[in-house]
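Structural overview for review
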Amino acid sequence: MPKKDKKKKGRKEEEPTIRKIIFCGLDNSGKSSYIARLKNQAFPSSPTTGIDRTQYDIFGFPILIWDFGGQRKLRTSYLQKTHFFHGTDLLFYLIDIQDEARFDESISYFEKLLEIFEERPLIFILFHKADPDIAESRRVLNNIIKIKQKLKKPLKQFEVFYYATTIFDYVSVLAPFSFALSKLLPFAAVLESYIINFLEQQQLSCIILMDKNGTALSKVAGKPEDLTFCEITGIHLVQLFEAYEKKSMSEPKISLRIPSPSEGAPGGEVLFEKLEILKTRYYLTILTKDVDRIASIKDALSEFIEGLGKTLEISH
Ligand SMILES: Nc1nc2c(ncn2[C@@H]2O[C@H](COP(=O)(O)OP(=O)(O)OP(=O)(O)O)[C@@H](O)[C@H]2O)c(=O)[nH]1
Ligand SMILES: [Mg+2]
């Protein structure tokens with residue numbers, strides 16, 4: 001569970017709180033590919049030969065990601081050297097949902113891992129390789145039910161979240177990670193209430209704050225369909241702006257009018273803003289259905305963004 005680092009002697013300021021997220025699962029389950037997709041990096045060309053550690057900063061707040069290579073001899077060694085797992089806040093466990101022949105092997109490894117934890121991390125189980133053409137198939141859905149049933153008992157004492165993911169659907173990769181961050185970041189609740197306040201004040205349909213990889217750090221919406229619409233639109237705009245950034249091109253001011261195709265369907269005006277907080281780029285996607293109020297929303301936006309930066313700097 002989240003913990004505060006100890007103060008070091010002779011230092012007035014507290015060290016930043018560090019969160020540890022670990023990725024486990026059998027070899028070939030797709031852990032490194034999932035992490036690479038999350039960070040918009042090249043896919044790995046070979047299996048992980050040990051533990052790959054990387055740092056992911058959110059508003060200057062360090063998150064350590066540990067990718068535990070899953071080959072058999074590595075798994076055996078982790079189960080003997082359990083100190084690797086100390087201080088874990090959150091565990092992502094990936095199961096290749098297409099590899100039926102290895103379900104029992106994966107469940108057995110997972111059960112052994114669960115026995116190691118004295119402090120109980122949050123558990124995110126990813127039914128991975130649920131590729132778009134098979135995600136809704138009877139085979140995959142049945143496999144998910146079967147595995148969940150088998151894990152019920154060993155997971156009794158844990159808080160667990162399940163997702164079906166695939167590297168071929170970027171939103172499926174981002175969704176569990178965004179939710180995981182909202183569970184770990186101490187300022188998530190403050191940030192969310194600040195954003196809800198603006199949503200209500202301006203009668204907006206949705207607001208999403210993303211980092212430069214498109215990971216949602218906070219998202220609020222009245223209706224789930226508006227959230228999905230805004231999320232997909234926002235992710236693509238983030239990628240567009242990041243591509244401009246790489247070529248050192250200055251980005252345009254974006255305001256997109258996307259009319260609803262039918263009564264009640266998502267649509268409206270999308271405002272998109274790049275922000276700089278603690279020297280890092282973040283992006284704000286806003287959806288309103290009341291296009292006549294665009295001018296007054298834009299007027300209020302700069303104050304909202306300024307307050308957002310302050311909220312985050314203070315909570316940090
Ligand atoms: N169809 C499909 N293949 C995937 C997906 N994610 C990863 N793969 C493939 O699965 C294989 C293994 O991926 P890795 O990311 O190296 O697996 P890993 O879990 O890190 O494996 P180890 O490092 O050995 O533990 C690669 O060929 C990937 O291209 C997915 O969502 N769908
Ligand atoms: Mg790997």
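**Observations regarding the overall build of the protein**
Assigned secondary structure in the protein consists of 8 helices and 11 strands. For 316 residues, the compact-globule estimate of 2.2 N^0.38 gives 20 Å, and the C-alpha radius of gyration of the protein, at 21 Å, lies within 12% of that figure. If one aligns the C-alpha atoms of the protein with their principal axes, the spans along those axes are about 60 × 60 × 40 Å. Intrachain contacts of the protein at a sequence separation of at least 6 include 67% that bridge at least 24 residues.

**What to know about the confidence of the model for the protein**
For any part of a model where pLDDT is low, the fine detail of the predicted coordinates should not be relied upon. Summarising the model, the protein shows a mean pLDDT of 89, and 94% of its residues fall at 70 or more. Confidence over residues 1-13 falls short of pLDDT 50; this stretch has 12 contacts with residues more than four positions distant or in other chains.

**Focus on the site of ligand 1**
In the vicinity of ligand 1 there are 20 residues, among which Gly30, Ser33, Pro47, Thr48 and Gly70 approach most closely. If you tally residues by element for the shell around ligand 1, the top one is helix α1 (residues 31-38), at 3 residues. Its residues assigned to classes, the shell around ligand 1 shows 4 nonpolar, 12 polar and 4 charged.

**Re the sheet that holds strand β2 (residues 51-58)**
One open sheet accounts for 6 strands, arranged β2-β3-β1-β4-β5-β6; its pairing is mixed. Looking along the sheet, the strands with just one partner apiece sit at the ends: β2 and β6 (160-164). Recorded for the sheet is a direction-independent mean angle of 20 degrees between the axes of neighbouring strands. Across 5 bridges, the pairing between strand β5 (residues 122-128) and β6 is parallel. Paired with Phe124 across the strands is Phe161, a residue of β6.

**Topic: α1**
The buried fraction of α1 amounts to 6 of the 8 residues, a majority that puts the element mostly inside the structure. Every buried residue of α1 is listed here: Lys31, Ser32, Tyr34, Ile35, Arg37 and Leu38. On the buried face of α1, the contacting elements are β1 (19-25), β3 (61-68), β4 (90-96), β5 and α5 (170-184). Where α1 ends, the next residue or the one after it, Asn40, has phi of about 55 degrees, a positive value.

Conventions we followed
- Residues numbered from 1 in each chain as written.
- Chains lettered and ligands numbered in written order.
- Predicted model: local features only at pLDDT ≥ 70, side-chain atom pairs only at ≥ 80, totals over all residues.
- Helix = DSSP H or I, 4+ residues; strand = E, 2+ residues; numbered from the N terminus.
- Rg over C-alpha atoms; globule rule 2.2 N^0.38 Å.
- Contact = placed C-beta atoms within 7 Å.
- pLDDT = per-residue confidence, 0-100.
- Near = placed C-beta within 6 Å.
- Nonpolar A, V, L, I, M, F, W, Y, C, P; charged D, E, K, R; others polar.
- Pairing = 2+ DSSP bridges.
- Axes fitted to C-alpha atoms, helices over the stretch in contact; angles between N-to-C directions.
- Buried ≥ 20, exposed ≤ 12 C-beta atoms within 10 Å, placed from the backbone.

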